[in-house]
Each structure stands twice: as structure tokens, then as C-alpha cells.
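So the chains spell out like this:
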Amino acid sequence: MRKLLIWAVLAVLAAGYWLIQRSPDTVAAQGAPSPLVVIDPGHGGWDPGAVRGAVYEKTLTLAVALKTGLLLQQRDRRVYYTRSRDTALSTTVIRDLNQRAGLANRLGATIFCSVHVNIESTGTMAGPIVYFTPTSGSSYRLAKSVSRALVPLAGQVRPPRPIRQWVLNVAQMPAINVEIGFLSHQQDTLNMQSAAHQRQLALGIAQGISQYLGR
Ligand SMILES: [Zn+2]
């Protein structure tokens, strides 16, 4: 009889432990939505961004952004684009940038990732560079992760660079700007127009973001 009592007590304890393991917190965590990545293809509509002949920055950023989003969705991330076609978000640059970051803030995004194209006067620099807001440690970690994933395309280990950029400052979550290449560099311009190169860039960005998010 005593043995039976001990087994009964043990059974009650085990049931209690099982219930604690399934406390509302645990259940909520299991059902939590996956991280939301807001991808922001730079420029659009009336604002072409950097231009080289018939090549517009706004076209390149959109192509890479859409490919990046698709790859993240395949990894079970939620993705929201600030634009998914050739359109501006407002009639002035500042309002347009405020809209982009404001959108990410309102959605409670986990990550904000702008995509742009670089340009410089010597025509010698090529490859992607990741920029982040210097005051944000998490933005730096995100930028580092994406930079590392882009090393094969950059052709070198290129550390992320701090920058004070309006759109990154307005965003209230880890925020980066991936400059995918240089429109001032002839070969880079050709590369950025190729679907295969765009996919490599997208793979790097998606992989860097996924690694930052922990998977
Ligand atoms: Zn730009």
C-alpha cells in the first residue's frame, strides 16, 4: 500500500512538471511569428538613384531586393518590401526615406535592410559594402554577419562601415544598408545587371541575415 502511495505521489509530481513545461509562456514562444525582415530597394519611380548610361540604380536595387526576399521566405522568414515595383513612396527624398523606415517601425520589423548602389570618382572600387548606424551595436552585428556572407563577391574581407544615413537613423530596429556594387566601375556595372550575379548577392544578404537571426 505504501509503495502504491509513493508511485501515486511520483505520478502527480511528473504531471505537475509536464504542466509547468507547457506553461503559457512556452506555448506562446512556440507559436510566436517568425522574424519580420523589411527589405527596402533604394529609390524608384521619379528617383532613379545613381545612373550610368541606361543603367539605373533603382532597377538594380529592386532586382536584388526581390531575390533576397524570396530566399528569406524560403527560410521561413516573413518579408515585407517597402516597394515591389518601380515606384517612389513620396514626392520628396526626405519624405520618401521617412516612409520607408516609418513603415518598418509601424510593422515592428525585426530587421530593416536597405539595398543601394555605390558610386565614386576614381572608377576603381568594386564589390559590395555593408553600412550600419554607428550608435547601434545590433546593427553592427547584423552588418558584420552580412559582410562576412558577401566575402566571396567582395573578393576580400571588407569590414562593415559606420555611416550616418537618414533612413537608418529613423529605423528603430537593427538596420543596414547593403551597397551591392559600384556603378562607377565598368565590370561591376555589367555584373550587377546579370541575373546570376544578382542571385549571388541575394544569397549573401539572405545568408548573413539568417545567421544574425540565429539560423
Ligand atoms: Zn542609392
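As a reminder, the structure under discussion sits directly above these lines.
Residues numbered from 1 in each chain as written. Predicted model: local features only at pLDDT ≥ 70, side-chain atom pairs only at ≥ 80, totals over all residues. Heavy atoms only, no water.

**Student:** Hey, could you go over empty space enclosed by the protein for me, with residue numbers and the actual values?
**Tutor:** Taken as a whole and judged by the stated rule, the model has 1 cavity of 30 Å³ or more. Of the volumes computed, that of the largest cavity is approximately 50 Å³. Every residue lining the largest cavity is listed: P128, I129, V130, S147, L150, V151, A154, Q156 and R158. Listing elements by their share of the lining of the largest cavity, those giving two or more residues are β6 (129-132) and α6 (151-154). (1 Å grid on protein atoms, 1.4 Å probe; cavity = no way out; pocket = protein on both sides within 12 Å on 5 of 7 lines; lining within 4 Å. Points joined across faces, edges and corners; volume = space filled by probe spheres on them. Helix = DSSP H or I, 4+ residues; strand = E, 2+ residues; numbered from the N terminus.)

**Student:** Got a sec to walk through helix α5 (residues 137-149)? Specific residues and values, please.
**Tutor:** Between its first and last C-alpha atoms α5 spans 19 Å; for 13 residues at 1.5 Å apiece the expected length is 18 Å, and the two agree. Taken together, the buried positions of α5 are S139, L142, A143, S145, V146, S147 and A149. Tucked into the core, α5 has its buried residues touching β5 (111-118), β6, α6, β8 (175-182) and α9 (195-213). (Expected span 1.5 Å × (residues − 1). Buried < 20%, exposed > 50% of the residue type's maximum accessible area, 1.4 Å probe, protein only. Contact = heavy atoms within 4.5 Å.)

**Student:** Could you give an account of the coordination of the zinc ion, naming the residues involved and the relevant values?
**Tutor:** Coordination of the zinc ion by the protein comes from H43 (NE2), E57 (OE) and H116 (ND1), over a distance range of 2.1 Å. Counting along the primary sequence, the residues that act as donors to the zinc ion give the motif H-x13-E-x58-H. Here E57, found in helix α3 (residues 57-74), pairs with H116, found in strand β5; they are 59 residues apart in sequence, far enough to count as distant. Judged by relative accessible area, which is 13%, H116 ranks as buried. (Donors = N, O, S within 2.8 Å, 3.2 Å for Na, K, Ca; no water.)

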